[in-house]
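Results of the structural survey
One letter stands for each residue in the lines below.
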Number of protein chains: 2
Amino acid sequence: MADKYDSLKLENQLCFPLYACAKEVVKRYKPFLDKIDLTYTQYIAMMVMWEHKSVNVKELGEYLFLDSGTLTPLLKTLEKKGFVTRERSKEDERNLIVKVTDKGLKLRDEAVKVPMEMSGCIKFEKEDAAQLYRLLHKMLDNFE
Amino acid sequence: MADKYDSLKLENQLCFPLYACAKEVVKRYKPFLDKIDLTYTQYIAMMVMWEHKSVNVKELGEYLFLDSGTLTPLLKTLEKKGFVTRERSKEDERNLIVKVTDKGLKLRDEAVKVPMEMSGCIKFEKEDAAQLYRLLHKMLDNFE
DNA sequence: TCAAATTAAATTGTGTACAATATAATCACA
DNA sequence: TGTGATTATATTGTACACAATTTAATTTGA
């Protein structure tokens, strides 16, 4: 039953389940992230901020695979919410330094619940999760 | 060096590489999809149309994990490009029937090049790809 | 049988994503 | 040292993505 269009069947794609899975998982974060007033993208941005305290937009973009077109409005929102500050670097005014605030640091204590709540929500065997993690990072490494 | 915030580190996430990988792969489709005047979402919608010829919006949404909020404007765009038609079902006027046109079917012959071009662009061992495919579908199955 | 519930699409509003372009600061080097 | 190239961020325009709501058609059950 093979025909010349088999490569265009949805079930033969690798990218499609990747795309669909990512969306479905992010969707499942929503009820938990709502409680701490963050979207998923804001949440991963805050992860970087919690770990590094101070970064510029370019560095943040490299961590998250996002560019200034996405990050500029997102960081303005996080600033409005009081979780980060934004100011130009004195040494090189092209750089915009993003710093986590005290309020942003306090949020971290609420946010630690999120991974726990999620692991209760998505049942995926430890071994499978480790395999998936390894393969995704292998693919990401190929991109650089 | 373990601390109570380890679960919030970007490197300990499973969702983040999923999210990042999906975006990076979709981005790599762009130059090839530009040649046939489709975005990635329009491309996977056309995959369903090429295979099934005629579906309603609900069915299409089930195949693609998308809702009418995304599909309605997307299908209007595909209609404007002449690749599909949209009309209400006679039997049940709640249903909108989407049909692929002759122009849409012709596009398929151009589109078969895309998976070939992509496989030349993303080098990922056959075994890894098969593993990844299996794990992603296992996760998607858990969601239903 | 007909009003309430359900269903399918469409609409509205918010928030990404990203390509392309613009702007401003800094760097490199002739 | 000045100017052309480079770099970092911001802006603009297009296209998703989805929650929440609306509208219209159909189904259900007292």
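This text goes with the structure placed above it.
Summary of the structure given here. Note that the structure is a prediction, hence the values are computed from the model and not measured.

Residues and elements named next belong to chain B. Judged by pairing direction, the sheet is antiparallel, and its three strands sit side by side in the order β1-β3-β2 without closing on themselves. Only two strands of the sheet have a single neighbouring strand rather than two, namely β1 (54-56) and β2 (84-88). Pairwise comparison of adjacent strand axes, ignoring direction, gives a mean angle of 25° for this sheet. Running at roughly 125° to β2, helix α4 (residues 68-80) makes contact with β2 and β3 (96-100) of the sheet.

Here the focus is the protein's contact with DNA strand C. Every one of the 29 residues lining DNA strand C counts as a neighbour, but T39 and Q42 of chain A together with Y19, S68 and T72 of chain B are closest to it. The sugar-phosphate portion of DNA strand C accounts for 81% of its atoms within 4 Å of the protein, the bases making up the rest. Measuring from a phosphate oxygen of DNA strand C, one finds a side-chain N or O atom of Y19 of chain B at 2.6 Å. Here a phosphate oxygen of DNA strand C sits 2.7 Å away from a polar atom, N or O, in the main chain of K58 of chain B. A class-by-class count of the residues in the surface near DNA strand C yields six nonpolar, 10 polar and 13 charged.

Taken as rigid bodies, chain B and chain A are interconverted by a rotation of 180° and an axial shift of 0.0 Å, the fit giving an RMSD of 0.0 Å. Expressed as a symmetry operation, the mapping of one chain copy onto the other fits a two-fold axis. Mapped onto chain A, 100% of the interface residues of chain B again fall at the interface, so both copies present the same surface.

At the junction of the two partners, chain B supplies 58 residues and chain A supplies 58 residues. Contact between chain B and chain A buries roughly 5,900 Å² in total, counting both sides, with carbon and sulfur atoms accounting for 71%. Scanning the region where chain B abuts chain A turns up six salt bridges. The partner of D128 of chain B in a salt bridge is K138 of chain A, with the nearest N and O atoms 2.5 Å apart. At the boundary of chain B and chain A, one finds 14 residue pairs in polar contact (both at pLDDT 80 or more). When contributions to the side of chain B that touches chain A are tallied by element, the ones reaching two or more residues are α1 (15-34), α2 (40-52), α3 (57-64), α5 (102-111) and α7 (126-143) of chain B. Here the residues of the side of chain B that touches chain A sort into 38 nonpolar, six polar and 14 charged.

Conventions used here
- Residues numbered from 1 in each chain as written.
- Chains lettered and ligands numbered in written order.
- Predicted model: local features only at pLDDT ≥ 70, side-chain atom pairs only at ≥ 80, totals over all residues.
- Heavy atoms only, no water.
- Pairing = 2+ DSSP bridges.
- Helix = DSSP H or I, 4+ residues; strand = E, 2+ residues; numbered from the N terminus.
- Axes fitted to C-alpha atoms, helices over the stretch in contact; angles between N-to-C directions.
- Contact = heavy atoms within 4.5 Å.
- Near = heavy atom within 4 Å.
- Polar contact = N/O pair within 3.5 Å; in protein donor to acceptor, adjacent residues only side chain to side chain.
- Nonpolar A, V, L, I, M, F, W, Y, C, P; charged D, E, K, R; others polar.
- Least-squares fit on C-alpha atoms with pLDDT ≥ 70 in both.
- Buried area = accessible area lost by both parts, 1.4 Å probe.
- Salt bridge = Lys/Arg side-chain N within 4 Å of Asp/Glu carboxyl O.

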